[in-house]
Amino acid sequence: MPATYSKDNPSGLPDFNNTETAYAHLSSGELRRALVLFQTVGNAKLVGVGKILIQWALALRIPIGWAIRPTIYSHFCGGETIEGCETQVNKLYASGVRTILDYSAEGKETEDELESTFDSILEAIKATDQDPHHAFGVFKVSGIAPTLILELVSEGKTLTSAQREAWQRVRTRVAALCTEAARIKTPVFIDAEESWLQPAIDLLAEEQMLLHNRIQAVIFTTVQLYRHDRLAYLKALTDKAQSSGFRLGVKLVRGAYMEKERFRATKIGAPSPIQPDKQATDRDYDAALDWCVEHTDTVSLCAGSHNEASSLLLCSKMKEAGLAVGDDRIWFAQLLGMSDPISFNLAAAGYNVAKYVPYGPIRETIPYLIRRAEENTSVAGQSSRELELIRSEFKRRSQVNRAR
Ligand SMILES: Cc1cc2nc3c(=O)[nH]c(=O)nc-3n(C[C@H](O)[C@H](O)[C@H](O)COP(=O)(O)OP(=O)(O)OC[C@H]3O[C@@H](n4cnc5c(N)ncnc54)[C@H](O)[C@@H]3O)c2cc1C
């Protein structure tokens, strides 16, 4: 149902304060779990101590699944296998939100581990075939490539013959994932990573877009606007797409590795690739949205963000440009368990929305879960907004119950 003008909603844009729509998919028990979880991760000290304890337990091989599975894992992950995600995937779909299956294994380095991650990602892409529950596939190049090789290629170093072979294996794996996505017509995101690996990832993404995006955007690269040089890159890539005759698929994100980036820049005495402040990141992110909406003849866009202002801005830019809310060149995406008010209110208004549904054995998802917890501390700020809205939904539900 498209967003309509009404007295309560004079802008005709989605209302992210509508908690009834935002949390309709959650029972009161699930909502309570979310409340306790956001209260817990809102405490930065607790998150810090929890992170050390988990890493310590993992190193000593102490089982921790019993504590993690019913709490943070159930909230942020779909399940341990693709089949295990089914309930979650159906629940999202029933509210108009589609799934992006995200196999969550990180930090693998041996060829056997990389090959096994490749197999799992390929399986996830294949699982989307002819299935409308799924909107996109996704992968991280570092999951199927040795970090050192990505770093050397990014620096433009001359490779030894063994390294050249390893790089060739990476290119073959990326090509196989993209070819399968193109064959079954499921678009696939290539995630963005640390700046010292990104030139190699850009190379691979551009190679695959040139090959597969002739008619439709099947391959999506990712641009991180917390980097001060990436708005210019997005514009140059649009020019390249126009002159080479391919559609540019792009996921716009602010960026997830800010502290790591700044730490490394200080350590090696190099200038930081990160914007000077949050305002500069927000400015470039919104300018990038604007750029993409103005270039929909060439660009297909996914806004990967939990920022309400940017999400609303994209809705109003679409409206100004005369684009239908469900225009298939424009998508919104959030992570499972985060910013439900954005995802579900956008979907109810008819926009294209998908959520990353991470899955995998609990042990493998720990680095992802730690990032989610850190992102939601009171320092990062996200948990207070989530808590405010969950509390107001509890209040609304109890008023409804009293009125019965
Ligand atoms: C669907 C989806 C896909 C994603 N894919 C990727 C990916 O491929 N690669 C990746 O790196 N991240 C990815 N992310 C994470 C994303 O980059 C952000 O870390 C996260 O979404 C928070 O940003 P936000 O837009 O939601 O908004 P906000 O919460 O408004 O912004 C927080 C972000 O602003 C930036 N920021 C905060 N403080 C400062 C400061 N002092 N100076 C400069 N910048 C600052 C940081 O990037 C921080 O993460 C993805 C997120 C989503 C929802």
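Quick caveat, the model's predicted, so the values are computed rather than measured. (Residues numbered from 1 in each chain as written. Predicted model: local features only at pLDDT ≥ 70, side-chain atom pairs only at ≥ 80, totals over all residues.)

So, the confidence of the model for the protein chain
Turning to step 1, where the next piece is worked out: On average, the protein chain scores 91 in pLDDT, and the residues at 70 or more come to 96%.
Turning to step 2, where the next piece is worked out: Segment residues 1-6: pLDDT under 50, and 14 contacts once partners within four positions in sequence are set aside and those in other chains are kept. (pLDDT = per-residue confidence, 0-100. Contact = placed C-beta atoms within 7 Å.)

Points about the site of the ligand
Turning to step 1, where the next piece is worked out: With respect to spatial proximity, 25 residues lie near the ligand, and among them Asp191, Arg254, Gly304, Ser305 and His306 are the closest.
Turning to step 2, where the next piece is worked out: Listed by contribution, the elements that provide at least two residues to the shell around the ligand are β4 (219-224), α12 (278-294) and β7 (330-335).
Turning to step 3, where the next piece is worked out: In terms of residues, the shell around the ligand owes the most to one element, β7, which gives three residues. (Near = placed C-beta within 6 Å. Helix = DSSP H or I, 4+ residues; strand = E, 2+ residues; numbered from the N terminus.)

Observations regarding helix α2 (residues 28-41)
Turning to step 1, where the next piece is worked out: In this model α2 runs 20 Å from its N-terminal to its C-terminal C-alpha over 14 residues, within 8% of the 20 Å that 1.5 Å per residue would give.
Turning to step 2, where the next piece is worked out: Those residues of α2 that sit buried are Ala34, Leu37, Phe38 and Val41. Mapping the buried residues of α2 onto a view down its axis gives an arc of 95°, with all of them on the same face. Exposed positions of α2 whose direction lies more than 90 degrees from the buried face are Gly29 and Val36. (Expected span 1.5 Å × (residues − 1). Buried ≥ 20, exposed ≤ 12 C-beta atoms within 10 Å, placed from the backbone. Arc of directions from axis to C-beta.)

Re the sheet that holds strand β3 (residues 188-190)
Turning to step 1, where the next piece is worked out: Around the barrel, which closes on itself, the eight strands sit in the order β1-β2-β3-β4-β5-β6-β7-β8 with parallel pairing between neighbours. Here the strands of the sheet are splayed against their neighbours by 30° on average, with no regard to which way each runs.
Turning to step 2, where the next piece is worked out: Sheet strands touched by helix α8 (residues 161-184): β2 (134-139), β3 and β4. Its angle to β3, the strand with the most contacts, is close to 155°. (Pairing = 2+ DSSP bridges. Axes fitted to C-alpha atoms, helices over the stretch in contact; angles between N-to-C directions.)

Topic: the environment of aspartate 229
Turning to step 1, where the next piece is worked out: When you line up the elements, aspartate 229 lands in the loop between β4 and α10 (230-244).
Turning to step 2, where the next piece is worked out: By C-beta crowding, aspartate 229 is classed as exposed, having 10 other C-beta atoms within 10 Å.
Turning to step 3, where the next piece is worked out: Between the alpha carbons of aspartate 229 and glycine 84 there is a distance of 40 Å; along the sequence they are 145 residues apart.

Points about the pairing of strand β5 (residues 248-253)
Turning to step 1, where the next piece is worked out: Most of β5 sits inside the fold, with six of its six residues counted as buried.
Turning to step 2, where the next piece is worked out: Burial along β5 is two-sided: Leu248, Val250 and Leu252 and Gly249, Lys251 and Val253, pointing in opposite directions, are all buried.
Turning to step 3, where the next piece is worked out: Inspection of the sheet shows β4 paired to β5 by five bridges, in the parallel sense. Considered in β5, the bridge of phenylalanine 220 is made with glycine 249.
Turning to step 4, where the next piece is worked out: Note on the crossover from β4 through α10 to β5: the handedness is right-handed.
Turning to step 5, where the next piece is worked out: Sheet topology places β5 next to strand β6 (residues 299-304); five bridges connect them, and they run parallel. Within the sheet, the bridge partner assigned to valine 250 lies in β6 and is leucine 301. (Right-handed = clockwise from strand over helix to strand, strands pointing away.)

What about the pairing of β4?
Turning to step 1, where the next piece is worked out: β4 sits mainly inside the fold: six of its six residues count as buried.
Turning to step 2, where the next piece is worked out: The two faces of β4 match: Ile219, Thr221 and Val223 on one face and Phe220, Thr222 and Gln224 on the other face are all buried.
Turning to step 3, where the next piece is worked out: The pairing of β3 with β4 spans two bridges and is classified as parallel. Each bridged residue has a counterpart across the sheet, and for valine 188 the counterpart in β4 is isoleucine 219.
Turning to step 4, where the next piece is worked out: One crossover worth recording links β3 to the parallel β4 by way of helix α9 (residues 198-212), and it is right-handed.

Some points on unusual backbone geometry
Turning to step 1, where the next piece is worked out: Look at glutamine 130: it is not a glycine, yet its phi comes out positive at around 60°.
Turning to step 2, where the next piece is worked out: Note that glutamine 130 resides in the loop between α6 (111-126) and β2.
Turning to step 3, where the next piece is worked out: Positive phi values are uncommon outside glycine, yet lysine 185 reaches one of about 60°.
Turning to step 4, where the next piece is worked out: Inspection of the secondary structure puts lysine 185 in the loop between α8 and β3.

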